[in-house]
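Structural overview for review
Chain residues, written in single-letter form:
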Amino acid sequence: LKLYRDISTLLTLAQAAAKGGRSPQLEDLSPISKAAIVVHNKKIAWCGPLRHLPRPLWQKIRSEQSLQGRVVLPGFVECHTHSLFAGSRAEEFESRLRGASYREIAAAGGGILSTMRATRKASRGALLRLTQQRIDRFVSQGITTLEVKTGYGLSREAELKCLRVLTDLKKSNRIHLVRTFLGAHAKPPEYPTPADYLQFLTTEMLPLVRKRQLAERVDIFVENGFFSASEAAWYLEAARQLGFATTVHADQISLSGGTLAAVQAGALSADHVIQIRGPEIAALASSDTTAVLLPAADIYMQCEFPPARALIDAGARVALATDFNPGTSPTQSVDWVGLLARLEMKMSLAEVLVAWTLNPAYALGLEKVKGSLAVGKDADFISIFGDWQELFYSVGSHSLAEVHCGGKRLFKAE
Ligand code: NIG
Ligand code: FE
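To start, this report covers the structure provided alongside it.

Scoring rules and cut-offs
- Residues numbered from 1 in each chain as written.
- Chains lettered and ligands numbered in written order.
- Predicted model: local features only at pLDDT ≥ 70, side-chain atom pairs only at ≥ 80, totals over all residues.
- Heavy atoms only, no water.
- Donors = N, O, S within 2.8 Å, 3.2 Å for Na, K, Ca; no water.
- Helix = DSSP H or I, 4+ residues; strand = E, 2+ residues; numbered from the N terminus.
- Buried < 20%, exposed > 50% of the residue type's maximum accessible area, 1.4 Å probe, protein only.
- Pairing = 2+ DSSP bridges.
- Axes fitted to C-alpha atoms, helices over the stretch in contact; angles between N-to-C directions.
- 1 Å grid on protein atoms, 1.4 Å probe; cavity = no way out; pocket = protein on both sides within 12 Å on 5 of 7 lines; lining within 4 Å.
- Points joined across faces, edges and corners; volume = space filled by probe spheres on them.
- Nonpolar A, V, L, I, M, F, W, Y, C, P; charged D, E, K, R; others polar.
- Near = heavy atom within 4 Å.
- Polar contact = N/O pair within 3.5 Å; in protein donor to acceptor, adjacent residues only side chain to side chain.
- Areas by Shrake-Rupley, 256 points an atom, 1.4 Å probe, with all protein chains shown as cover.
- Sits in = over half its atoms within 2 Å of the grid points.
- Contact = heavy atoms within 4.5 Å.

Here we come to the coordination of the iron ion (ligand 2). Within the protein, the atoms that donate to the iron ion (ligand 2) are H80 (NE2), H82 (NE2), H249 (NE2) and D323 (OD), at distances of 2.1 to 2.2 Å. Positions of the donor residues of the iron ion (ligand 2), expressed as sequence spacing, correspond to H-x1-H-x166-H-x73-D. Linking H249 in strand β9 (residues 245–250) with D323 in the loop between β12 (318–320) and α14 (334–345), this pair joins segments that are 74 residues apart in sequence. Comparing H249 with D323 shows no difference in burial state: the two are buried.

In structure tokens, the structure reads:
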């Protein structure tokens, strides 16, 4: 057993977990003073005030590490990224700032299809290297569980290439990677209609991805000009029958039915949810589907922010993520997303902390092992400089001291 000691304050989030991540209050962070963590086989064997550490456990301690009087909290969980892509869309960003809309750019063959062309051309090795660098950048900000979507291959061969890269990365990285198949991101030029393409995905790709165990989850972009809510309904049902967990890009640019389709399909999450109104908020609040908010994408798109306050106050479970992708959210900044949530969506600090830890764990179906610190859960935690009230406060400062994942230190600030 390994003992981590000298923790000035340990935020376990135990009470937030007991509430299923809904309506988190300050006290739900469950702080413990002068705390310690005991790790056995990558899992938490014990945590609490050091003076309460049971004698029989003390005797089994074989190594110790001091956390130097720092504040410790669960590792951050990033539940929505498109980290696997080649190329850049910097020029498109400039033309959007000059007035071109996202949908116009997409309709003219740019946008997702422009990244598709770059990603199809890239070799497996090149994609592996690019994505590994991005994973490292996430880890150096405290991310210990990371979701990555495909969705820039959009052909049998190119999607399989991306899924294999993700699978290699999942094996070679210490942090937990969740692979999401987003074949239904946009219709590639090879198919006449979105329905034809979805037919191909349903009959060929989903069974193949399942059989070869190349992804845990399936995602679809429900939006005018992409896929409709009724198409999503049968696609998500096909995915569910094969045993995939599901998630939806929902109601981002227009109210197009994605959120209700996600809830009806029993999806783990509905993401973006900018355009939602009363019925969608009520549906989310009374379901187990987590609302994933992506405020960095909203600011890059210069659109509205989702109704975070209404969602949380209604009892919906809310998570935050970067949506890192080359088109609508070319940033990996965990801090900035949390700060935007406070500034633009009026989320409290406690809500932001839960939205970066426990609630994204729910969105990935990992709430039993990730997102809070409790006996039996994975030993994924971070230590920070200064007090936790200073998190998501200043942008560009470096509050992260160390990242520990499964009892191994993955990052240490200079
Ligand atoms: O989450 N909305 C669809 N997918 C991404 C954008 C992908 C892209 O533009 O490349 C998103 O915003
Ligand atoms: Fe996205």
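Taken in spatial order, the 7 strands of this open sheet run β3-β2-β1-β4-β13-β14-β15, and their pairing is mixed. The open sheet has two free edges, formed respectively by β3 (43–49) and β15 (408–412), since each of these has just one partner strand. Looking at each pair of strands side by side, their axes are set apart by 30° on average, direction ignored.

Another aspect to go through is the layout of surface pockets. Roughly 300 Å³ of volume is contained in the largest pocket. Surrounding the largest pocket, 17 residues form its lining, S140, Q141, D335, S397 and H398 being those nearest its centre. Elements with a contribution of two residues or more to the lining of the largest pocket: α14 and β13 (381–384). A breakdown of the residues in the lining of the largest pocket according to their chemical character gives 9 nonpolar, 7 polar and 1 charged.

Of all residues adjacent to ligand 1, which total 15 residues, the nearest are R89, Y102, Y152, D323 and T328. Here R89 contributes a side-chain N or O atom positioned 2.7 Å from an oxygen atom of ligand 1. When the free accessible area of ligand 1 is taken as 320 Å², the share hidden by the protein chains comes to 100%. The pocket occupied by ligand 1, as judged from atoms lying within 2 Å of grid points, is the largest cavity. The residue inventory of the shell around ligand 1, partitioned by class, reads 4 nonpolar, 9 polar and 2 charged.

Taken together, 8 strands build an open sheet; the order of strands is β5-β6-β7-β8-β9-β10-β11-β12 and the sheet is parallel. Because the sheet does not close on itself, it has two edges, and the strands there are β5 (76–78) and β12. Averaged over all pairs of adjacent strands, the angle between strand axes in this sheet comes to 25°, irrespective of strand direction. For strand β10 (residues 269–272) and strand β11 (residues 290–293), the ladder comprises 3 bridges, and the chain directions are parallel. Following the sheet pairing, D271 is matched in β11 by V292. The sheet strands contacting helix α6 (residues 124–139) are β5, β6 (143–149) and β7 (176–184), and the helix crosses β6 at an angle near 145°. Strand contacts of α14: β5, β6, β11 and β12, with the helix running at about 135° to β12, the strand carrying the most contacts.

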